[in-house]
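# Examining the three-dimensional arrangement
Residue-level listing of the chains:
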Amino acid sequence: MSTVETSAHSAHSAQSVCHPIVRPGSFLTLHYRMAGPHGMNIITTFEGKPATLSLGAGELSPALEARLLGLPEGTRATFELAAGEAFGERNPELQQWVARKLLNQLGEPDHPYSVGDVVQFPTPDGMGQYAGAVHQAKGPGDAVQFDFNHPLAGQPVVFEVHVIGVL
């Protein structure tokens, strides 16, 4: 289900300037909110500065970007995405044990990891990072199990957006 409304300006298209439309590669200024399965906000920019992003640069999931395509500047819309649609299904293979020896090399030696901690790891080429959440932590000298699934994988998501500017 989705609801879309355009600003009063765009409703009078015969009397106003044509508003830019979101297309692949558009640079956007927008407010957005993502809420999880129980309506709890995961992220929102509505109370602060709007976000700026480039469509297709991987800043939003492809499913969220697809909802933005074709929206004219000034649009406010709310989209409900089914479980797994926004960030994929949970993949059990993305829960992996990492040896403490490696964690000590990559970060703070002998750090006391706790369930729920989020840790940044370098990509193999060293040019980026990815995150994993601690799923289980054994003793101080043992391994730590990380979940590298997106936190909203397998969950329904509500995506609300106000498209402020399109370039």
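Described in the following lines is the structure provided in the data block. Treat the numbers as computed from the prediction; the structure is a model and nothing was measured.

## Some words on the overall build of the protein
Of regular secondary structure, the protein possesses three helices and ten strands. Of the regular secondary structure in the protein, the N- to C-terminal order runs β-α-β-β-β-α-β-β-α-β-β-β-β. Relative to the 2.2 N^0.38 estimate, which gives 15 Å for 167 residues, the radius of gyration of the protein is 20 Å and therefore markedly larger than a compact globule would have. Viewed in the frame of its principal axes, the protein has a C-alpha envelope of about 70 × 35 × 25 Å. Each of the 167 residues in the protein was classed as buried or not, and the buried ones make up 33%. Intrachain contacts of the protein at a sequence separation of at least 6 include 63% that bridge at least 24 residues. Charged side chains of the protein number 9 positive and 16 negative; the gap between the two group centres comes to 1 Å.

## Comments concerning the pattern of salt bridges
By the definition in use, this model includes three salt bridges. Residues Glu160 and Arg33 are paired through a salt bridge, measuring 2.8 Å at the closest nitrogen-oxygen approach. With a gap of 127 residues between them, Glu160 in strand S10 (residues 157–166) and Arg33 in strand S2 (residues 27–35) connect regions that are remote in the sequence. On the accessibility criterion, Glu160 (24% relative accessible area) is partly exposed. For Arg33, a relative accessible area of 18% gives the class buried. For Arg90, the salt bridge goes to Asp147, with nearest N and O atoms at 2.2 Å. Of the two residues, Arg90 sits in the loop between strand S5 (76–81) and strand S6 (95–98) while Asp147 sits in strand S9 (residues 144–147), which places them 57 residues apart along the sequence. Its relative accessible area of 37% is what places Arg90 among the partly exposed residues.

## Comments concerning the environment of Asp147
Asp147 gets classed as buried once you look at its relative accessible area, which sits at 9%. Once the C-alpha coordinates of Asp147 and Asn91 are considered, the two residues, 56 residues apart in sequence, prove to be 9.3 Å apart. With sequence-adjacent residues up to four places away left out, Asp147 is seen in contact with Arg90, Leu94, Gln95, Gly132, Ala133 and His135. Side-chain polar atoms of Asp147 contact the side chain of Asn149, separated by 2.8 Å.

## Considering the environment of Tyr32
Along the chain, Tyr32 falls in strand S2. Given a relative accessible area of 11%, Tyr32 falls into the buried group. Through-space distance from the C-alpha of Tyr32 to that of Glu59 is 13 Å; in sequence the pair is 27 residues apart.

## Thoughts on the sheet that holds S9
If you walk across this open sheet you meet the four strands as S6-S9-S8-S7, and the pairing is antiparallel. Looking at strand neighbours, the two that pair on one side only are S6 and strand S7 (118–122), the edges of this open sheet. Here the average twist between neighbouring strands, direction ignored, is 45°. The sheet contact formed by strand S8 (residues 129–137) and S9 spans four bridges and is antiparallel. Residue pairing across strands places Ala137 opposite Val144, the latter belonging to S9.

## Let's talk about unusual backbone geometry
A positive phi angle is found at Asp110, which is not glycine, with a value near 60°. Among the secondary structure elements, Asp110 is positioned in the loop between helix H3 (100–106) and S7. Residue classification places Asp110 among the exposed residues on the basis of a relative accessible area of 59%.

Conventions and cut-offs
Residues numbered from 1 in each chain as written. Predicted model: local features only at pLDDT ≥ 70, side-chain atom pairs only at ≥ 80, totals over all residues. Heavy atoms only, no water. Helix = DSSP H or I, 4+ residues; strand = E, 2+ residues; numbered from the N terminus. Rg over C-alpha atoms; globule rule 2.2 N^0.38 Å. Buried < 20%, exposed > 50% of the residue type's maximum accessible area, 1.4 Å probe, protein only. Contact = heavy atoms within 4.5 Å. Lys, Arg positive; Asp, Glu negative; His and termini not counted. Charge placed at Lys NZ, Arg CZ, Asp CG, Glu CD. Salt bridge = Lys/Arg side-chain N within 4 Å of Asp/Glu carboxyl O. Polar contact = N/O pair within 3.5 Å; in protein donor to acceptor, adjacent residues only side chain to side chain. Pairing = 2+ DSSP bridges. Axes fitted to C-alpha atoms, helices over the stretch in contact; angles between N-to-C directions.

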